[in-house]
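In case you want the letters, here they are:
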Amino acid sequence: MPETAPERTAAADASAETDQSVDRRFGVFSVIVLVIGVAAAALMSWWLPLHPSTGQIGTGLLLVLAFLVVEQVSVNIDVRGGISWTISFTEIPLAIGLFVAPFQVVLAAHLIAGVGTLLARRVQDRVLYNTGAEILEITNAFAVYTVAGMIIQGTGPQWIAAYLGAISAPITSTLLALAAVHVLGRRLRVGAATKLVFRTLVLGLVNASVGVVGYEVATNVDHGLPLVLATLGGVWALYLAYSGLLREQRDLEALSEVSLIVARSGRRAAARPAAGQDTASAIKSDDWHGVAQRIRDQLGAARVVLRLRFDPQAPMHTVVAGQELPAGVVDIDTAGAKADGLLRLPGSHVRHFRRVDSLPEIRQALIQRNAHEALVVPLRSASHLLGVVEAHDKLSRWRGFGQADLRMIGTTASHLATALDNRRLLATLRHDAYHDPLTGLHNRPGFRQLATEMLASNPGSVMLRVDLEVQPAISDALGYAWSDRITIAAGRRLRDALGPDTPLARLEGGAFAALLVDADLERAQVAAEKLVAGLSAPYPVDRLTVEAGVVVGYSSSAMPDGVLFSDAPGGRAGTPTELDVDELLKRADVALRAAKTSGERVRAYMPSMGQIFLRRFQLVTQFRQALETGQVSVHYQPKVALPRREVLGVEALVRWRHPEFGDLHPDEFVPAVEAAGLVDALTEFVLDRALIRIRKWLDRGLRIGVAVNLSVRSLADLEFPTRVSAALERYRVPPELLTLELTESGVMADPQRALPVLRALHNLAVVLAVDDFGTGYSSLAYLRQLPVDEVKIDKSFVFGMGSDLGDLAVVRSIVELGHSLGLVVVAEGVEEDAARDQLAAMGCDVAQGYLISRPLSEERLEAWLQARTAMAKNVRDETVLTLLS
Ligand code: C2E
Ligand code: CA
Ligand code: CA
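Residues numbered from 1 in each chain as written. Chains lettered and ligands numbered in written order. Predicted model: local features only at pLDDT ≥ 70, side-chain atom pairs only at ≥ 80, totals over all residues. Heavy atoms only, no water.

Draft legend 1. Structural view of the packing of helix H28 (residues 805-820) against helix H29 (residues 833-842). The geometry of H28 relative to H29 is characterised by a closest axis approach of 10 Å and an angle of 40° between their N-to-C directions. With respect to each other, H28 and H29 are oriented oblique. Crossing of H28 against H29: the hand is right-handed. Each of Leu808, Val811, Arg812 and Val815 in H28 lies in contact with H29, whose residues at this interface are Gln838, Leu839 and Met842. (Axes fitted to C-alpha atoms, helices over the stretch in contact; angles between N-to-C directions. Helix = DSSP H or I, 4+ residues; strand = E, 2+ residues; numbered from the N terminus. Parallel < 35°, antiparallel > 145°, perpendicular 65-115°, else oblique. Left-handed = near helix turned anticlockwise from the far one by under 90°. Contact = heavy atoms within 4.5 Å.)

And the structure:
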């Protein structure tokens, strides 16, 4: 028998009707049904007057009992869209009643059983409607039975009339239910309505048959009653099993649908790596509504409320399916939840509350929700509360929520929680995969994805590369945690300066990247300068303030290679090629390196830089071959002792005569060769040449040393000292004639790592010199802990000595401190007499520079040496002559 229940406008319903007006209409409808029912019953009673007899009381009581029994064993089978279909067996006692009792008795018995059950189950709000419906059912059944009986009289068996009468009852109630659905303003598809009527009819037929056959057998067959009861039991059990199966199947369907909604929603969210927010809130609210709606459908509840805790501080986000929720209990905050009878103790499994048998505070909470009963279940992940699911009021004429409903909502909630938990886990994993743990900014893959996305919709964007250089000496002195703290602070400053929506990443170390969406070069330049200013401001570290160097390079996606020439009159505008994030990053990187080389703070990418990049690439790939084909040679720059200027040695400086590019400066190709990991070959080559040179001089009785420049990489190579020692032996060169020069920044980059190699070299008794001293940040005192013998004052200070008192002071203090530490002090870049004289006056030991000689090829060095010794001889001869004279 179909049931309908009042349901106010579903949230998804387009109808704009308010709750009250629907309520009122349903009330009026119920009254009309009741009035018609009573009128029809009165009419019937007048037509079939009652002739009271004592037997009727017994029969009546038996019927009440029978109706009560069938109400209790009715099987709730399907709930969809507010129509629940209950397999009830009302037609069985009704069919029997038609045979054995007058109209009034059957009606009374049915009403007592039906309304009694309703009241017992405390489903008060539909009593009017249901009473009217029951009266109409019975009245119609008797009308059909009586009329059919009159027609059949004499021509056929009487049971046909009972049969038809019994069937008319469920048809009546179905039609009423459809009318009620209509009154409630809810649509039921014609197909669904037809199916409902058909099912009711089939069930009515079966029940009527059982009733009629049962009555006939019970009255006409010897000992027929047990047989009838056994059959009834069998039919009931069959229904029960069938409905159980159906319910399980539908519960499973609902479960998988709910999981599917969450999963689908998750897939959509996964498309955006940027989504770093909480999982639950990442699910679209439409999807949440879908989940609530599905649970409501499955339970046949008047309303399902999902309360989701996205943020422990904020009110729980509320999604409602079904009847509107009174405003006071939407979006309850933490304090509200503590005060709310239903939410106060979320527990861990389903709880079932009813107004009638609850504590006052729970009753209060139900009244606030305008609900008579509620199922409440928390959404719990392993560690915390994700939310709460509430289901209010069963849409059923008779019953409230049952065991199956509790099971269903419990399982659904745990599936939902698991799905959310999985998503949270996935989101965490995804977040970690796309973010830098130190600064919380994106990492390179995350940035690449996000920037690619932004670039697709904003073709005119600018890529910024920002390098923060915390001096290694600072890291060293303060420990790595401090340089990490500076990096974190820099990340924060960048984020503050660029705003929350600009894609921003820490690529590695102090390297950051950002994409300025919809920016032109002018804006980028302004932004870059502001960043430099912001990041260069000192970083407070404990009681110190630390400064960091900042350089920015940028490249525009709207500036493809050809665009520079597009302004030229008649010039063809460069066809914009698609620049992807990697290409933009590479270009910004090239610009950054160009800025570093030229000592600027900010530089834009220029296509010519790309050429330089390309050239570097070519140089690196051609270098080995250049070594073998004699393009690479070694020049020598003499070093003289001060103040007497005798030649002490030379510095070996590499030269590359490139067939295409001409003479190349080591400053151009050595860093590239180093970066490509080919510098060992270079060092070996120069070392060989140098030792051969010394050997030749030794063979001629000259003791002239050679200095060879080393790369930082050699300092990390534990085999390097062994190779040096082997080379010394091979050419039979005394170690003190070989000087190895290491740049200050190279040694200081990682002194602990350099130390073992330095010690081993020192033990070979070669001379160790620290090159370019003064440009780094190391103190001489620190140098003392390293086994070095010589310090070379960087040429920039020597150049500036004449004009800049600061430079002069630096040179003087290096000479003095160097001496106090027992080091030989060398000045390079000596271009003028004045400088040489000043250095000599300070006590600087050795001078090197264009004043003495430019770097010379081997032959020219020989010529220079000869001229020098000849001159010295002449001078000496002259002196002798003078002395003699
Ligand atoms: P460096 O070791 O500081 O070498 C001194 C540089 O200063 C040389 O430039 C030299 O020509 C230049 N110089 C010397 N005196 C004067 C002067 O009075 N005025 C001016 N303006 N410049 C002067 P070069 O030969 O271009 O070498 C540049 C750098 O390339 C070197 O700097 C060194 O760091 C690197 N390098 C050169 N040869 C080698 C090598 O064989 N191996 C490695 N690893 N690096 C090398
Ligand atoms: Ca050098
Ligand atoms: Ca130098």
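Draft legend 2. Spotlight on the coordination of the calcium ion (ligand 3). Protein coordination of the calcium ion (ligand 3) is provided by Asp771 (OD), Asp772 (OD), Glu828 (OE) and Glu828 (OE), with donor distances spanning 2.1 to 2.5 Å. The motif formed by the donor residues of the calcium ion (ligand 3), counted along the single chain, is D-D-x55-E. Taken as a pair, the calcium ion (ligand 3) and the calcium ion (ligand 2) show a spacing of 4.2 Å, with Asp771 coordinating each metal. Here the residue Asp771 occupies a position in strand S21 (residues 767-773), and Glu828 occupies one in the loop between strand S23 (824-827) and H29, the gap between them amounting to 57 residues. Glu828 carries the same exposure label as Asp771, and that label is buried. (Donors = N, O, S within 2.8 Å, 3.2 Å for Na, K, Ca; no water. Buried < 20%, exposed > 50% of the residue type's maximum accessible area, 1.4 Å probe, protein only.)

Draft legend 3. Examining unusual backbone geometry more closely. Pro643 follows Leu642 through a cis peptide bond whose omega is 0°. Tracing the backbone through its elements, the reader meets Pro643 in the loop between strand S16 (632-641) and strand S17 (647-658). In the Ramachandran plot, Asp331 falls in the positive-phi region, its phi being about 45° despite a non-glycine side chain. Along the polypeptide, Asp331 turns up in the loop between strand S5 (317-322) and helix H11 (334-339). Even without a glycine there, the phi angle at Asp393 is positive, about 55°. Here Asp393 is to be found in strand S8 (residues 385-394). Among the residues examined, Asp393 registers a relative accessible area of 9% and is labelled buried.

Draft legend 4. Region of the structure containing the coordination of the calcium ion (ligand 2). Around the calcium ion (ligand 2), the donor atoms from the protein are Glu651 (OE), Asn709 (OD1), Glu741 (OE) and Asp771 (OD), and they sit 2.1 to 2.3 Å away. We note that the donor set of the calcium ion (ligand 2) lies within a single chain, spaced as E-x57-N-x31-E-x29-D. Judged by relative accessible area, Glu651 falls into the buried class, the value being 4%.

Draft legend 5. The packing of aromatic side chains, seen in detail. Counted by the stated rule, this structure contains 10 aromatic pairs. Ring geometry for Phe99 and Tyr215: centres 4.2 Å apart, planes at 10°, overall stacked. Residue Phe99 is located in helix H3 (residues 91-100), and its partner Tyr215 is located in helix H7 (residues 190-220); the two are separated by 116 residues in the primary sequence. Note on Phe623 and Trp656: the rings are 5.6 Å apart at their centroids and 65° apart in plane angle, and the pair reads as edge-to-face. In this pair, Phe623 is assigned in helix H19 (residues 607-628) and Trp656 in strand S17, connecting sequence segments 33 residues apart. (Phe/Tyr/Trp six-rings, centres within 6.5 Å; stacked < 30°, edge-to-face > 60°.)

Draft legend 6. A look at the site of ligand 1. Close to ligand 1 lie 24 residues; Gln637, Arg655, Asp771, Glu831 and Tyr850 are nearest. Glu651 places a side-chain nitrogen or oxygen 3.1 Å from an oxygen atom of ligand 1. A distance of 3.1 Å separates an oxygen atom of ligand 1 from a polar side-chain atom of Asn709. Against a free-state accessible area of 800 Å², the protein chains account for coverage of 89% of ligand 1. Broken down by secondary-structure element, the contributors of at least two residues to the shell around ligand 1 are S17, helix H20 (666-675), helix H21 (679-699), S21 and helix H27 (795-800). Here the shell around ligand 1 gets 4 residues from one element, more than from any other, and that element is S17. Classifying every residue of the shell around ligand 1 gives 11 nonpolar, 5 polar and 8 charged. (Near = heavy atom within 4 Å. Polar contact = N/O pair within 3.5 Å; in protein donor to acceptor, adjacent residues only side chain to side chain. Areas by Shrake-Rupley, 256 points an atom, 1.4 Å probe, with all protein chains shown as cover. Nonpolar A, V, L, I, M, F, W, Y, C, P; charged D, E, K, R; others polar.)

Draft legend 7. Looking closely at the pattern of salt bridges. Under the definition given, this model contains 34 salt bridges. Residues Glu390 and Arg369 are paired through a salt bridge, measuring 2.6 Å at the closest nitrogen-oxygen approach. With Glu390 in strand S8 and Arg369 in the loop between helix H12 (360-368) and strand S7 (373-380), the pair connects residues that are 21 residues apart, well separated along the chain. A residue is classified by how much of its surface remains accessible, and Arg369, at 0% relative accessible area, is buried. The residue Lys792 makes a salt bridge to Glu741 at a minimum N-O spacing of 2.7 Å. Of this pair, Lys792 sits in strand S22 (residues 790-793) while Glu741 sits in strand S20 (residues 738-743), and the two are 51 residues apart along the sequence. The class for Lys792 is buried, based on a relative accessible area of 0%. Where salt bridges share partners, they join Arg465, Asp467, Glu469, Asp589, Arg593 and Lys596 into one cluster. (Salt bridge = Lys/Arg side-chain N within 4 Å of Asp/Glu carboxyl O.)

Draft legend 8. View of the sheet that holds strand S15 (residues 602-604). Ordered in space as S10-S11-S9-S14-S15, the 5 strands form an open sheet in which the pairing is mixed. With partners counted over all chains shown, the strands left at the sheet margins are strand S10 (504-508) and S15, one partner each. For this sheet the average axis-to-axis angle between neighbouring strands, irrespective of direction, equals 20°. Contacts between helix H17 (residues 521-536) and the sheet are confined to strand S9 (462-469), strand S11 (511-516), strand S14 (549-556) and S15, with S14 contributing the most and set at about 165° to the helix. (Pairing = 2+ DSSP bridges.)

Draft legend 9. The pairing of S9, seen in detail. For S9, the buried fraction is high: 7 of the 8 residues fall into the buried class. Where S9 meets S11, 6 bridges bridge the pair, whose relative direction is antiparallel. The partner of Leu464 across the bridge, within S11, is Ala514. With 8 bridges connecting them, S9 and S14 associate as antiparallel partners. For Met463, the partnering residue across the bridge sits in S14 and is Ser555.

Draft legend 10. Region of the structure containing the sheet that holds strand S4 (residues 301-308). Spatial ordering of the open sheet is given by S5-S4-S8-S7-S6, a layout of 5 strands whose pairing is antiparallel. Each edge of the open sheet is held by one strand with a lone partner, namely S5 and strand S6 (351-354). If you compare each strand with its neighbour and ignore which way they point, the axes differ by 20° on average. In this structure, S4 lies alongside S5, joined through 6 bridges in antiparallel fashion. Bridging from a neighbouring strand, Leu306 pairs with Val319 of S5.

Draft legend 11. Structural detail: the side chain of Asp794. Relative to the elements of secondary structure, Asp794 occurs in the loop between S22 and H27. Each residue touching Asp794, except ones within four places of it in the same chain, is listed here: Asp772, Phe773, Thr775 and Glu828.

Draft legend 12. Spotlight on H29. Restricting attention to buried positions, one finds in H29 the residues Ala835, Arg836, Leu839 and Met842. Seen from one end, H29 has its buried residues packed into an arc of 125°, which puts them on one side. Along its buried surface, H29 packs onto H27, H28 and S23. After H29 finishes, the residue Gly843 shows a positive phi value of roughly 100°. (Arc of directions from axis to C-beta.)

Draft legend 13. Highlighting helix H25 (residues 751-763). The end-to-end C-alpha distance of H25, which contains 13 residues, comes to 18 Å, matching closely the 18 Å that a straight helix rising 1.5 Å per residue would cover. Of all the bends found along H25, the most pronounced is centred on Val757 and spans about 25°. Residue Ala765 follows H25 closely and has a positive phi angle near 75°. (Expected span 1.5 Å × (residues − 1). Bend = angle between axes of the 7 residues up to and from the residue.)

Draft legend 14. Spotlight on the packing of H3 against H7. Direction vectors running N to C along H3 and H7 enclose 45°, while the axes themselves pass 7 Å from each other. As summarised for this structure, H3 and H7 are arranged oblique, according to the angle between their axes. With respect to the hand of their crossing, H3 and H7 are arranged in right-handed fashion. The residues of H7 that touch H3, namely those facing Glu91, Ile92, Ala95, Ile96, Phe99 and Val100, are Gly204, Asn207, Ala208, Val210, Gly211, Val212, Tyr215 and Glu216. Its residues assigned to classes, the contact of H3 with H7 comprises 9 nonpolar, 3 polar and 2 charged.

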